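Each chain is listed here by its residues.
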Amino acid sequence: AQSVAQPEDQVNVAEGNPLTVKCTYSVSGNPYLFWYVQYPNRGLQFLLKYITGDNLVKGSYGFEAEFNKSQTSFHLKKPSALVSDSALYFCAVRDYNDMRFGAGTRLTVKP
Amino acid sequence: NAGVTQTPKFRVLKTGQSMTLLCAQDMNHEYMYWYRQDPGMGLRLIHYSVGEGTTAKGEVPDGYNVSRLKKQNFLLGLESAAPSQTSVYFCASSLQGARLSTDTQYFGPGTRLTVL
């Protein structure tokens, strides 16, 4: 079965600095990869997804993710972090009806 | 357009009690899903539905039942609640689901359930 791993429980960055939230995946076929964000007491919101094509995927709120097949990674990035980006981020991999989520990474952006 | 809504937002049950969580979507989506979220474990799929009148088991279906009598509604039932079912429950929907593995899921705000 497919799976994703988020190796960091917590990521802290200063406002204005670039941020990276890491994700690695394991699939038997083509990887369909997603990033979601969860703000306190809210449901998950879709950020971006990788289907095929360009390895750099651009999404909502200035986020982007880089797909690396050789490293089986799909890291989330943003060039300049905002305090309002502080939230819980989930990486996920989809295979038909089976969506598997990572454990989540809590991002804290400090002023 | 409300998207995906869930009722109730919070609930406290005693062990052995039953309850039903309601999920509604107004996007005319075919596929609907129920997940539970536990600390340090991400989201895990309980049951899903590929259309009105159909349901299927996900990763952690034991102790739960579901029904999809109407396309816009997906109900999650707990027949005899246990403390291990204390969790935050999220409903989601997507337009096509398995026919398009890249389909995006849209989530409701969640229901926080505590079983004493």
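Computed from a predicted model, the values in this text were never measured in an experiment.

Here's the deal with unusual backbone geometry
In most cases, non-glycine residues show a negative phi, while peptide bonds are predominantly trans.
Now for step 1: The linkage connecting Thr7(B) with the following residue, Pro8(B), adopts the cis geometry, with an omega of -5°.
Now for step 2: Relative to the helices and strands, Pro8(B) is located in the loop between strand S1 (4-7) and strand S2 (10-13).
Now for step 3: Notably, Tyr61(A) is not glycine yet its phi reads approximately 60°, a positive angle.
Now for step 4: In this fold, Tyr61(A) is placed in the loop between strand S7 (56-58) and strand S8 (64-68).
Now for step 5: In this model, Thr72(A) sits at a positive phi of 45°, which is unusual for a non-glycine residue.

What to know about the pairing of strand S6 (residues 54-57) of chain B
Residue and element names in this part refer to chain B.
Now for step 1: Relative to S6, strand S5 (residues 43-51) runs antiparallel, the two sharing three bridges. In the sheet register, glycine 51 faces S6, and the bridge partner there is threonine 54.
Now for step 2: Hairpin remark: S5 followed by S6, antiparallel, with two residues in the connecting loop; positive phi at glycine 53, about 85°.

Section: the state of the cysteines
Residues and elements named next belong to chain A.
Now for step 1: What the rule picks out here adds up to two disulfides over all chains.
Now for step 2: The side chain of cysteine 23 participates in a disulfide bridge whose partner is cysteine 91; the two sulfur atoms lie 2.0 Å from each other. Torsion about the S-S bond of the cysteine 23 and cysteine 91 cystine: about -60°, corresponding to left-handed handedness. You can see cysteine 23 sitting in the loop between strand S3 (19-21) and strand S4 (24-26) and its partner cysteine 91 sitting in strand S10 (residues 87-95), a full 68 residues away along the chain. Of the two residues, cysteine 23 and cysteine 91, both sit in the buried class.

Observations regarding the environment of Ala14(A)
All names here are of chain A.
Now for step 1: The topology assignment puts alanine 14 in strand S2 (residues 10-14).
Now for step 2: With relative accessibility at 36%, the residue alanine 14 sits in the partly exposed group.
Now for step 3: Sequence separation of alanine 14 and alanine 103 is 89 residues, and the distance between their C-alpha atoms is 23 Å.
Now for step 4: Apart from the residues lying within four places of it in its own chain, the contact partners of alanine 14 are Ala81, Val109 and Lys110.

Criteria and thresholds
- All residue numbers here refer to positions counted from 1 along the written sequence of the relevant chain.
- Labels are handed out in written order, letters beginning with A for the chains and numbers beginning with 1 for the ligands.
- With the structure being a predicted model, the display of local features is reserved for residues of pLDDT at least 70 and the display and counting of side-chain atom pairs for 80 or more, all residues being used for whole-chain, interface and lining totals.
- Hydrogen atoms and water are omitted, and side-chain values are computed over all heavy atoms in the structure.
- Only DSSP runs of H or I reaching four residues or more are called helices, and only runs of E reaching two or more are called strands; each is numbered from the N terminus.
- When DSSP locates at least two bridges between a pair of strands, those strands are taken to pair.
- Two cysteine sulfurs form what is called a disulfide whenever their separation falls within 2.5 Å.
- Exposed residues in this analysis have more than 50% of their type's maximum accessible area, buried residues have under 20%, and partly exposed residues fall in between, with area computed by a 1.4 Å probe over protein chains only.
- Any pair of residues with heavy atoms lying within 4.5 Å of one another is described as a contacting pair.

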